[in-house]
Amino acid sequence: MEKILLAIDARVVNKNSLEFACYLARLTRSKVTGVFLENLVADEKPVLKKAYGRAYVNWEINEASQEYQTKVQLIENNVRLFKESCIQQEVCFQLHRDRGVPETDLLEETRFADILVADGALSFTKQFAGTPSSFVKNILTKAECPVIIAPERFDGIDEIVFTYNGSASSLFAIKQFTYLLPELSNKKATILQINEAGEWHDPDKYKFKEWLKDHYTDLHFEAQKGNTDSILFEALFTRKNMLLVMGSYGRNALSQFIQTSHADMLIKTVAHPIFITHR
């Protein structure tokens, strides 16, 4: 992995997300690209103009207004905070200042990145939009690289939990994570499956295990009996310093191990980093 994107609301830098992105950069010797989503289009005002005798509406930013100047100064302070934090943590960095529509700008950035780190509550509405916010849900659905939802507090990684149901989607997520973060190959790797019998039914388990053993030194297969909703939460809440890997989000519901609503609940309640990708 070489390029880590960090999604940043230019008005408010989430320090926990920044710390986690820097951890990944140090671990993989990668560069952090801070994507400052400035959302200047929100400052545009409709202005009635005329051309060739016809009236039309144009959208302009009033750069002389106190509100605009205050916002610009706030963004400059946050850019400086980002730079100083990366330098202090000895992380290579660069920054992109995206001034258009935040969702469009960020999705374009993901096409040319290895991974995106984002705060689950990232939003550009004036009111709290919940976790995950509608903005983050859309990014998870449309992103062209894997996304890691940064935890509110991070104390390191001792275990990686892969959710798996035998589908191509869940296996794709495991492969993507493994290829991007081989530096975590010495951590405990748990392959978690939940079904009514509480037993592994995958006929390809031997081949799957053979592949995994080439990448992880401490491998465990775990089957839990029950329905996905309650058992998954119970299995995760007892773990500490865990990173959770999930398959597709919001695409092809039949291939998802965890339905979108369950994924939302996990992001809202599990205080661990969550790696999410889709095919």
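## Quick look at the packing of helix H5 (residues 168-180) against helix H6 (residues 205-213)
Two elements in contact, H5 and H6, have axes whose closest approach is 12 Å; the angle formed by their N-to-C orientations is 15°. Viewed along their axes, H5 and H6 adopt a mutual orientation that is roughly parallel. Both H5 and H6 take part in a crossing whose hand is left-handed. Of the residues in H6, those touching H5 at Leu171, Ile174, Lys175, Thr178 and Tyr179 are Phe208, Trp211 and Leu212. Residues that form the contact of H5 with H6 fall into these classes: six nonpolar, one polar and one charged.

## Quick look at the nonpolar core
Counting 44 residues, the largest nonpolar core has Phe162 and Phe177 as the members making the most contacts within it. If we ignore the near neighbours within four places in the chain, the residues touching Phe162 are Ile174, Phe177, Thr178, Ala189, Thr190, Ile191, Leu192, Tyr216 and Val245. In terms of nonpolar packing, the next biggest core, distinct from the first, is built from 31 residues, Leu107, Ala118, Cys145 and Ala235 among them.

## Considering the confidence of the model for the protein
Per-residue pLDDT for the protein averages 83, and the proportion of residues at 70 or more is 80%. Contacts of residues 250-260 to residues separated by more than four positions or lying in other chains number 26 contacts, the stretch itself having pLDDT below 50.

## Thoughts on the pattern of salt bridges
According to the stated counting rule, one finds nine salt bridges in the structure shown. Linking Arg111 and Glu144 is a salt bridge whose minimum nitrogen-to-oxygen distance equals 2.9 Å. Note that Arg111 is positioned in the loop between helix H3 (102-110) and strand E6 (115-119) and Glu144 in the loop between helix H4 (134-142) and strand E7 (147-150), a separation of 33 residues in sequence. Classification of Glu144 by relative accessible area gives partly exposed; the value is 44%. Measuring nitrogen to oxygen at the nearest pair gives 2.6 Å for the salt bridge that ties Glu222 to Arg239. Taken together, the residues span a long stretch of sequence, with Glu222 in strand E10 (residues 218-225) and Arg239 in the loop between helix H7 (228-237) and strand E11 (242-246) at a distance of 17 residues. Connected via shared salt-bridge partners are Glu38, Glu76, Arg97 and Arg99.

## Topic: the sheet that holds strand E12 (residues 274-276)
Spatially, ten strands are ordered E5-E2-E1-E6-E7-E12-E11-E8-E9-E10 in an open sheet, and the strand pairing comes out mixed. Among the strands making up the open sheet, the edge pair consists of strand E5 (93-98) and E10. Recorded for the sheet is a direction-independent mean angle of 25° between the axes of neighbouring strands. As judged from the three bridges shared by E11 and E12, these two strands associate in the parallel manner. Residue pairing for E12: Val245 is matched across the bridge by Phe275.

Quick notes on the rules
- Residues numbered from 1 in each chain as written.
- Predicted model: local features only at pLDDT ≥ 70, side-chain atom pairs only at ≥ 80, totals over all residues.
- Heavy atoms only, no water.
- Axes fitted to C-alpha atoms, helices over the stretch in contact; angles between N-to-C directions.
- Helix = DSSP H or I, 4+ residues; strand = E, 2+ residues; numbered from the N terminus.
- Parallel < 35°, antiparallel > 145°, perpendicular 65-115°, else oblique.
- Left-handed = near helix turned anticlockwise from the far one by under 90°.
- Contact = heavy atoms within 4.5 Å.
- Nonpolar A, V, L, I, M, F, W, Y, C, P; charged D, E, K, R; others polar.
- Core = buried A, V, L, I, M, F, W, Y, C linked by side-chain atoms within 4.5 Å.
- Buried < 20%, exposed > 50% of the residue type's maximum accessible area, 1.4 Å probe, protein only.
- pLDDT = per-residue confidence, 0-100.
- Salt bridge = Lys/Arg side-chain N within 4 Å of Asp/Glu carboxyl O.
- Pairing = 2+ DSSP bridges.

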